[in-house]
Amino acid sequence: MCAVFGILGEYDEHTAKTALATLTHRGPDFCGVVQRKNLFFAHQLLSIMDTTSASNQPLSHEKILLSFNGEIYNFKELQAELKEEFTFKYANESEVLIAAYLKWGVEFVAHLRGMFAIALLDDETLYLFRDRLGKKPLFYLHNKAFIFASEIKALLPFLHKTEMDGDALLSYLSFLAPTPPFTFFKGIKKLGAGEYLVYKNHSYEVKRYFDLLDAKPNLITDKEEAVFRVREMLEESINMRLNADVPMASLLSGGIDSAAINAYALKNGVNLQTYTLGYKEFAKYDERQNAKESAELLGVKNREVVIGQEEFLEASERVLETLDEPLNDPAAVPLYLLFEQIKKDGYRVVLSGEGSDELFLGYRQYFEFLDVQNLTRLKNKNWLSNYFHSNFSMNREWERYKRVFDGTLLFRTTGESFSDLQKNIAMRQNVRDNESLKYIKSYRERFDASAHTDESIWYSYIDLHLFQAEHYLAKLDRVSMAHSVESRTPFLDHKLTSLIFSIDPKIRYQDGVTKALLKEVLKPHIDTKILTRKKKGFSNPFMEYLIESKKIDLIREVNEQSGIFKRDKLEEYIQKANAGGFKQHVWGLYVLSVWIKKHLL
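If you're wondering where the values come from, they're calculated on a predicted model, not measured in any experiment.

Enquirer: How would you sum up the overall build of the protein chain? Please name residues and give values.
Expert: On a plain count of helices and strands, the protein chain comes out with 24 helices and 17 strands. Relative to its length of 601 residues, the protein chain is compact, with a C-alpha radius of gyration of 24 Å against a globular reference of 25 Å. Counting only C-alpha atoms, the protein chain reaches 70 × 60 × 50 Å along its principal axes. Within the protein chain, the fraction of its 601 residues that count as buried is 60%. If you take every contact in the protein chain between residues at least 6 apart in sequence, the share linking residues at least 24 apart comes to 72%.

Okay, structure coming up:
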């Protein structure tokens, strides 16, 4: 796990090196730079698979320069396939990527199995690739020069001035994180999952090289076959990610995702040290008791990391700095502290269960949406549409029914926060109803054009691209890499996800049980107590901390200067948060306020 950074065009050497230094945490083991006129091509290395100097980057071969961040789990198989056509000196991932590119051109990325952000310069043409499901980030800026980096902070020195991107703000309020290609810094953009960029002759083009919807639907209609195939693929995916030349650990909650990872690791002869988070003042939020029972049932060693209000608040400032831009997920703070302890204990790789909920319908609201979706079949909906428009409510159920009776798109990600009408009421700018659809339009158009017709596939598809890639995975990448720890997510193996998309969708939801298919898959390996345990989620007492410390006042303070929101409506949200409601909305406003105060005021 590393950092990529580069400049094509005129640059100041001091500025370039200063910018590169901001990425040291992503790769403290080695810094490599190829530097010449109008080119600064660099890499920060975190040694995981090869701790020798052979893994140093950038790697050069004839007219090709390569800098890549990630892991290619099938690189040895690719090397064996390519050895007749390429003379390997190091036989490492980087060299295999160059050999694969020489054989297949830009199509080489289709042969990779892993997570990656790749920068490949072939003579005067630059290619940037982000992995299929968005595990690794890649940002870019095009002004007098073209600059790219693994994190936004390395691009900030090249901005002429800092302005907030309006589309980033609106999409953030809707979906917890800015949607690609937007970032909060006007001018800085990000690649989306499964996309690549080509830069040549002072212009660039973004293209898509992978789409989950290309998986043919209903190839598997028998439940027993589905269980067998998923079990086989999940075991393969986990086993591939157990390979490292440094110590590995795993996160452990009370749920089945982390239990599955550890169960299959044990089956493969690897007993991972596990970690669970707890809260001093609010044990009701954590999963220590369930995790302890899971650890005993699985036979793994578990360490509890317990934090309190003081640690949370002190770390929050560092975390929001680490994230670079607003990301509405209060769990980023405790997760940051958890990785801090993991780093202190000497671990460099951590396995985590991201992606399982989206693939196997692990959120109860998926089933609620499927139920509401049935109302689209009503022939006479005009009266109901008029009724809902005449009786506005802040309630999320009201918004769902209004959409159905209006004939607009119902599901817009699990992470949807502010609705368009809520934004319109709260902000000092006009926001039309359904305006946020423009940020997910391309995804829905691909779904409508695909062979998939079941709406549950749409739920998984849009959640994997936004709720997962731009929210959860962005959080996981930043807070883990802040401590030079690599995070691996076996449920997000692209072959496993494609397999799920090829199974009859009804097998996932026909029993009305969350993760029904996954639970069947895991029955031989995990105790029934774990499989039947009620889902708790990664909740934490962030709002109690925010209110008691009076840090929530920052929202009012910043708004007085920025004037983005109407004072009375903002106060309503704050008061509702005091009463236990709209917590996600208010945390999002707080994070936004921190960013605005630092960068705009």
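Enquirer: Can you explain the sheet that holds strand β6 (residues 114-122)? Please cite residues and give values.
Expert: Strand order across the open sheet formed by 6 strands is β4-β5-β6-β7-β11-β12, with antiparallel pairing between neighbours. Only two strands of the sheet have a single partner each, and these edge strands are β4 (59-61) and β12 (203-208). Put simply, the sheet's adjacent strands are angled 20 degrees from each other on average, direction ignored. One ladder, built from 4 bridges, connects strand β7 (residues 125-130) with strand β11 (residues 195-200); its direction is antiparallel. Across the sheet, the residue bridging to Phe129 is Tyr196, located in β11. Of the strands in this sheet, β4, β5 (64-72), β6 and β7 are in contact with helix α3 (residues 93-104), which crosses β5 at around 120 degrees.

Enquirer: Describe unusual backbone geometry, with residues and values.
Expert: Omega for the peptide link from Pro180 to Pro181 comes to 10 degrees, which places this bond in the cis form. Here the phi dihedral of Asn218 falls at roughly 60 degrees; this positive angle occurs in a residue that is not glycine. In this structure, Asn218 sits in the loop between β12 and α5 (223-240). Of note, Asn434 is a non-glycine position whose phi angle comes to about 70 degrees, a positive value.

Enquirer: If you had to explain the packing of helix α9 (residues 332-344) against helix α16 (residues 455-481) to someone new, which residues and values would you point to?
Expert: Contact pair α9 / α16: the axes reach a minimum separation of 9 Å and the direction vectors enclose 35 degrees. The element α9 and its partner α16 pack so that their crossing is right-handed. Every residue of α16 that contacts α9 at Ala332, Leu335, Tyr336 and Phe339 is listed here: Lys475, Leu476, Val479 and Ser480. Grouping the amino acids of the contact of α9 with α16 by side-chain chemistry returns 6 nonpolar, 1 polar and 1 charged.

Enquirer: If you had to explain the packing of aromatic side chains to someone new, which residues and values would you point to?
Expert: For the structure on display, the rule yields 46 aromatic pairs. Where Tyr127 meets Phe129, the ring centres are 6.4 Å apart and the plane angle is 25 degrees; that geometry is what we call stacked. Given a relative accessible area of 14%, Tyr127 falls into the buried group. When the centroid spacing of 5.2 Å and the interplanar angle of 75 degrees are considered together, the rings of Phe185 and Trp595 count as edge-to-face. On the criterion of sequence distance, the pair formed by Phe185 in the loop between α4 (166-175) and β10 (188-190) and Trp595 in helix α24 (residues 583-599) is long-range, its members being 410 residues apart.

Enquirer: Could you give me a rundown of the sheet that holds strand β14 (residues 273-279), with the residues and numbers involved?
Expert: Sheets are built from strands paired through backbone hydrogen bonds, the pairs being either parallel or antiparallel. In spatial order, the strands read β15-β14-β13-β16-β17; together these 5 strands make up an open sheet with parallel pairing. This sheet does not close on itself; its edge strands, each paired only once, are β15 (302-307) and β17 (486-488). Pairwise comparison of adjacent strand axes, ignoring direction, gives a mean angle of 30 degrees for this sheet. Two strands pair when backbone bridges link them, and β14 and β15 are joined in this way by 6 bridges, in the parallel orientation. Its bridge partner lying in β15, Tyr279 is registered against Ile307.

About the thresholds
- Residues numbered from 1 in each chain as written.
- Predicted model: local features only at pLDDT ≥ 70, side-chain atom pairs only at ≥ 80, totals over all residues.
- Heavy atoms only, no water.
- Helix = DSSP H or I, 4+ residues; strand = E, 2+ residues; numbered from the N terminus.
- Rg over C-alpha atoms; globule rule 2.2 N^0.38 Å.
- Buried < 20%, exposed > 50% of the residue type's maximum accessible area, 1.4 Å probe, protein only.
- Contact = heavy atoms within 4.5 Å.
- Pairing = 2+ DSSP bridges.
- Axes fitted to C-alpha atoms, helices over the stretch in contact; angles between N-to-C directions.
- Left-handed = near helix turned anticlockwise from the far one by under 90°.
- Nonpolar A, V, L, I, M, F, W, Y, C, P; charged D, E, K, R; others polar.
- Phe/Tyr/Trp six-rings, centres within 6.5 Å; stacked < 30°, edge-to-face > 60°.

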